[in-house]
Amino acid sequence: MATFTIPNVSIKGVACCVPPAIVENLKHSFFSQEDMEKFVDATGVKQRRRVEKNVCTSDLCVKAGEELLKSINWSPSDIEVIVLITQSADYLLPISSALIQNRLGISTKCICIDIPLGCSGYVYGMSVLGALMNSGKFKKGLLFAGDTSSKSVSKKDKSTEPLFGDAASATAFEYNENAAEMKFDLGSDGSGYEAIIIKDGGFRNQTTVDSFTEKEYQEGIIRNDCQLVLDGMEVFSFGISQAPKTVNALVDFYQIDKSIVDFYIFHQANLMMNKKIAKKLKLEDEKVPISLDEFGNTSSASIPMTIVTRLQNQINNKSSKLILCGFGVGLSWGTVYLETTNDFSIVNLVEY
């Protein structure tokens, strides 16, 4: 059973970083105006942020980390564990969390871990970092989550290119014997691995000259085998089915009264999908914030991005009860119930 609790760990603060360049979907040059209007209506993604060619995920993470440490008045020397969630690491080798450790000036005694997850990754990362810290061996840790997905999508693929935005987040975790337990429900179904995939570039299908040959799969969908494939219908069906299941599994197992939860923060994949999930769970619109209209699908950063950009006035320096739910690539899913305290710090969105 992947339903479990983690005691003795609290979240101290969260920060997010985006590149300054804004891409407006209705001004998209590759597809017809009619196509883009339909896309925006269906997905809710009006604009996104896109990195420059020389900017990578670790750059955004470092900026978010710097701002977070300043906000909560932590020294880099305080950090003992770093967990990074990303599908767009700077290199195949070495791990990007080690690059972040070095650039932030964190001690070489710090443990660094990369986890190559996407949509469910923020919740998975919380469980991994929390599990490492709950014994008290480590007092302070940082969870980074983010992607520069624009580097892996084809600019000629209308099924993916207008959907994804670039962003990264940093979240501070602290050992605290008085912390409310974090309650988790996690799961994976590898039979659906082809629904979201980059076929070439790993060691099963190593990169060849043919990997970069563009193929037209249908009108408006042109890509090579080193670029992202997204089976929209399969992912949509998975999301509206599995997200309500995992939320209900969590609240039922721990007998959580759904009405006491202040906000339900879902992975920002698709507006229609998220509305259907909220409807199935009988949630009020005001309890389900949306950020994908302004930032698109930011992969593992989408949950913290929603917290930073939509909930700062509501939960900054306040005690709140939250349920976070991510679902997607893997296929995988993760839901967590947590409580913030009066010293929880949300840093204003920063740019790199």
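Keep in mind that what you see is a predicted model, and the values were worked out from it rather than measured.

A.B. asks: Is there a simple way to think about the overall build of the protein in this case?
C.D. replies: Summing up its helical and strand segments, the protein has 9 helices and 18 strands in all. Taken over the C-alpha atoms alone, the protein extends approximately 55 × 45 × 35 Å along its principal axes. Counting all 352 residues of the protein, 57% fall into the buried class. In the protein, 78% of the contacts between residues at least 6 apart in sequence involve partners at least 24 apart.

A.B. asks: For this particular structure, what's the right way to read the sheet that holds strand 15 (residues 320–328)?
C.D. replies: Two pairing modes exist for strands in a sheet, parallel and antiparallel, and in both the strands are linked by backbone hydrogen bonds. Sheet architecture is open: 5 strands sit in the order 1-9-16-15-14, paired in mixed fashion. Every interior strand has two partners, whereas the edge strands, strand 1 (3–6) and strand 14 (263–266), have only one. Direction aside, neighbouring strands of the sheet carry axes that sit 20° apart on average. As paired elements, strand 1 and strand 9 (residues 182–188) share 4 bridges and run antiparallel to each other. Bridge pairing links Thr5 to Lys183 in strand 9.

A.B. asks: Explain a positive patch on the surface here, please?
C.D. replies: Where like charges cluster on the molecular surface, the positive patch consists of Lys245, Lys276, Lys279 and Lys280. Examining the composition of the positive patch, we find that 3 residues originate from one element, helix 6 (residues 271–280), more than from any other. Its place among the elements puts Lys276 in helix 6.

A.B. asks: Honestly, the pattern of salt bridges in this entry has me stumped. Any pointers?
C.D. replies: A side chain of one charge can pair with a side chain of the opposite charge when the charged atoms of the two come close. A full pass over the atoms with the stated rule returns 15 salt bridges. Here Arg49 ties to Glu351 by a salt bridge, and the two come within 2.9 Å at their closest N and O atoms. Within this pair, whereas Arg49 is found in strand 4 (residues 47–49), its partner Glu351 is found in strand 18 (residues 350–351), the two being separated by 302 residues in sequence. Among the residues examined, Arg49 registers a relative accessible area of 9% and is labelled buried. Lys215 serves as the salt-bridge partner of Asp225, at 3.1 Å between the closest nitrogen and oxygen. On the criterion of sequence distance, the pair formed by Asp225 in the loop between strand 12 (221–223) and strand 13 (229–230) and Lys215 in strand 11 (residues 215–218) is long-range, its members being 10 residues apart.

A.B. asks: Just to check I follow, could you spell out the environment of Ile111 for this structure?
C.D. replies: Assignment of secondary structure puts Ile111 in strand 6 (residues 111–115). In this structure Ile111 comes out as partly exposed when scored by relative accessible area, which is 30%. Between the C-alpha atom of Ile111 and that of Phe138, which follows or precedes it by 27 residues, the distance is 9.9 Å. Not counting residues within four places of it along the chain, the set of residues in contact with Ile111 comprises Glu80, Val81, Ile82 and Phe138.

A.B. asks: Even after reading the chapter, I still don't get the environment of Cys16, so can you show me in this structure?
C.D. replies: Note on placement: Cys16 falls in strand 2 (residues 9–18). Cys16 sits 269 residues away from Asp285 along the chain, and the two C-alpha atoms are 24 Å apart. Not counting chain neighbours up to four residues away, the residues in contact with Cys16 comprise Ala64, Ala168, Ser169, Pro304, Met305, Val308, Leu349 and Val350.

Cut-offs used in this document
Residues numbered from 1 in each chain as written. Predicted model: local features only at pLDDT ≥ 70, side-chain atom pairs only at ≥ 80, totals over all residues. Heavy atoms only, no water. Helix = DSSP H or I, 4+ residues; strand = E, 2+ residues; numbered from the N terminus. Buried < 20%, exposed > 50% of the residue type's maximum accessible area, 1.4 Å probe, protein only. Contact = heavy atoms within 4.5 Å. Pairing = 2+ DSSP bridges. Axes fitted to C-alpha atoms, helices over the stretch in contact; angles between N-to-C directions. Patch = residues over 30% accessible without salt bridge, like charges linked within 9 Å, V, L, I, M, F, W, Y side chains within 5 Å. Areas by Shrake-Rupley, 256 points an atom, 1.4 Å probe, with all protein chains shown as cover. Salt bridge = Lys/Arg side-chain N within 4 Å of Asp/Glu carboxyl O. Lys, Arg positive; Asp, Glu negative; His and termini not counted. Charge placed at Lys NZ, Arg CZ, Asp CG, Glu CD.

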